[in-house]
Each structure stands twice: as C-alpha cells, then as structure tokens.
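# Descriptive analysis of the structure
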Amino acid sequence: MNFQDILEHLSSLPQEESQRLFPFVLNTDILQYIYENIDETSKTLETGAGLSTVIFALRGANHICVVPSKEEVDHVIEYCAQCKIPTQKINFYIERSENVIPALKFNGLDLVLIDGRHAFPTPFIDWYYTCDALKIGGKVIIDDTNVWTGRILKDFLLLEPEWKLIKDVPQRAAAFMKLKEGSHSKEFHLQPFVMLNSDIKTTHIDKKYIKIGRAIKLLCTGRFLTLARKIMHRLKLYYHFGIWK
C-alpha cells in the first residue's frame, strides 16, 4: 500500500466507521509530507496517535508514539491489521507525554510530530524534551497552529535562527527543520520572540531590528497578508493615539 491507497481505503469506509477510528485527522498535506520524508531507516516520535501513526507504520519507521488513550492505540492497531500494515516497529507509551518523554533515552530522531495534548504547557514540554534528540537536518511538525499553544510555538521558532520553516499550512500545521543546536538553552534576551513580546526596558535600536527581522521572516515565508495586516494595524494605532494624522 502507498499513501494514496490509505486515503482511498479510508474514504471507502462508512463515515461513522472512519470517524470512530480517527475522529481527528491530520491535514492531508502534512500526512503526505510525513510519508515522503521518512523510510524504514528513520527514527521518529509523535505525541498523540491516529492516521499519522498509520503512516509511520506504513513507512516502516522506528517509531515512538506517546498517547494517554489506549482506545486510540487500539484503533491504530485495528486499522493497520485491516490494511495488513506491520506495527512491530512502533513503541506505544500509553501515558501523557509530559510524564514519559523527559524520562526516555533517545537521540538521532529524524522527525517529531507534536500533536498530543494542546493545553498549556504540554506542546512546549514536548518540543523542549525532543529538540535535543532531533538531529541536525531533522524536522519537527507542530499540528493545530490555530490553537494558541501551537501558534505560539510556531511563532517562536519562526524567529529562531536555529530553525527554518519548510512547510506551512496556515491555521493547521507547520514543519521546521533544525539547522543547529541551542535554541532552547539561550537566555531570554537572545530569543527574538521573547524580547519582541516583553514589556522590558531595551533600546529603540534593539526593538527596531527585532521588528525588521520579523518582517523579513514573514516575507521570506510568503506570509504577505499577515505582514500587511500588521502594518495596517500599526497605522491605525498611530492614528488613534494621535501619533500620525
């Protein structure tokens, strides 16, 4: 079977059956991205479980799946059995990720999918404890960037020179490549996103360069509408407070 076969098979099932098995399905473009960027030599990890886990199994990756719901695990195994997809290379941990990942011994990960519990601060914990284990050139995917926690993590990484945005599905998911080590171990004043969103005394030049950097980042990632909205919002504020008329 390939990726398209999985989609066709799932769409052929009665809607209530597909909903029972996978009530929350990752964006199709991101699922395909995962499929195309891993193979049987890949070391991968995800928080949460679902159709994405089936894709990891289909590609034969050495996969770690951390999810608190045994029912979700059972559904993945059930569906893989239907499609004759081996699951022997998946290590399931049925527990909340913040209780499992800090204690795991792993390194050299090729891809991490953060799609587990979205409540604060879990996505940040998932990233914090997997980013060191992700190898240089490895990829992290943040799902549900329409949720505040996912969006903040995405916006933080957009401004970090150690990470490069390589795929963006607006309001759904984002994939970053790790370029070098050290993003999470820096002091706060060396993290542009933290500085830009902090009410602390800093020089006008510091803030100016941070804002210029953010604007360049938006342009480079093709987010022209986002940049235009920010500029218009700033102009309205200037007009409202009498700074510019």
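Along each chain, residues carry numbers from 1 onward, in the same order as the chain's sequence is written. Only residues with pLDDT of at least 70 get local features here, since the model is predicted, and only at 80 or more are side-chain atom pairs given and counted; chain-wide, interface and lining totals rely on the full set of residues. Processing note: side-chain calculations cover all non-hydrogen atoms of the structure and skip hydrogens and water entirely.

### Description of the sheet that holds strand E4 (residues 109-114)
Strand pairing in a sheet relies on backbone hydrogen bonds. The paired strands run either parallel or antiparallel. Any two strands with at least two DSSP-identified bridges between them are counted as paired. We count a stretch as a helix when DSSP gives it H or I for four or more residues in a row; a strand needs E for two or more, and each element gets its number in order from the N terminus. Taken together, the 7 strands give an open sheet; going across it, the order is E3-E2-E1-E4-E5-E7-E6, and neighbouring strands pair in mixed fashion. Pairing within the sheet leaves two strands with one partner each, and these edge strands are strand E3 (90-94) and strand E6 (163-169). For this sheet the average axis-to-axis angle between neighbouring strands, irrespective of direction, equals 15°. Across 5 bridges, the pairing between strand E1 (residues 43-47) and strand E2 (residues 62-67) is parallel. Each bridged residue has a counterpart across the sheet, and for Lys 43 the counterpart in E2 is Asn 62. Contacts between residues were defined by any pair of non-hydrogen atoms, one from each residue, lying within 4.5 Å. Structural elements are reduced to axes, namely lines fitted to C-alpha atoms, with helices fitted over the stretch in contact, and the angle between N-to-C directions of any two is expressed from 0 to 180 degrees. Where helix H4 (residues 51-58) meets the sheet, its contacts fall on E1, E2, E3 and E4, and the angle it forms with E1 comes to roughly 170°. Together, E4, strand E5 (134-143), E6 and strand E7 (173-178) form the strand contacts of helix H8 (residues 148-158), whose direction differs from that of E5 by roughly 145°.

### Overview of the pairing of E6
When E6 meets E7, the two strands line up antiparallel, connected through 6 bridges. Residue pairing across strands places Trp 163 opposite Lys 178, the latter belonging to E7. In textbook terms, the turn of a hairpin is the stretch between consecutive antiparallel strands, and for E6 and E7 this stretch comprises 3 residues, one of which, Gln 171, has a positive phi near 65°.

### Digging into unusual backbone geometry
Trans peptide bonds make up the majority, and among non-glycine residues the majority have a negative phi. Each neighbour pair has its own omega, and for Phe 120 with Pro 121 the value is 0°, a cis peptide bond. Topologically, Pro 121 is positioned in the loop between E4 and helix H7 (122-131). Backbone geometry places Asp 144, a non-glycine residue, at a positive phi of 55°. Structurally, Asp 144 can be placed in the loop between E5 and H8. Throughout, exposure labels follow a simple rule: accessible area from a 1.4 Å probe, protein chains only, divided by the maximum for the residue type, with under 20% read as buried, over 50% as exposed, and the rest as partly exposed. By relative accessible area, which is 18% here, Asp 144 ends up buried. Its identity is not glycine, yet Gln 171 carries a phi of approximately 65°, on the positive side.

In short, geometric facts, not functional conclusions.
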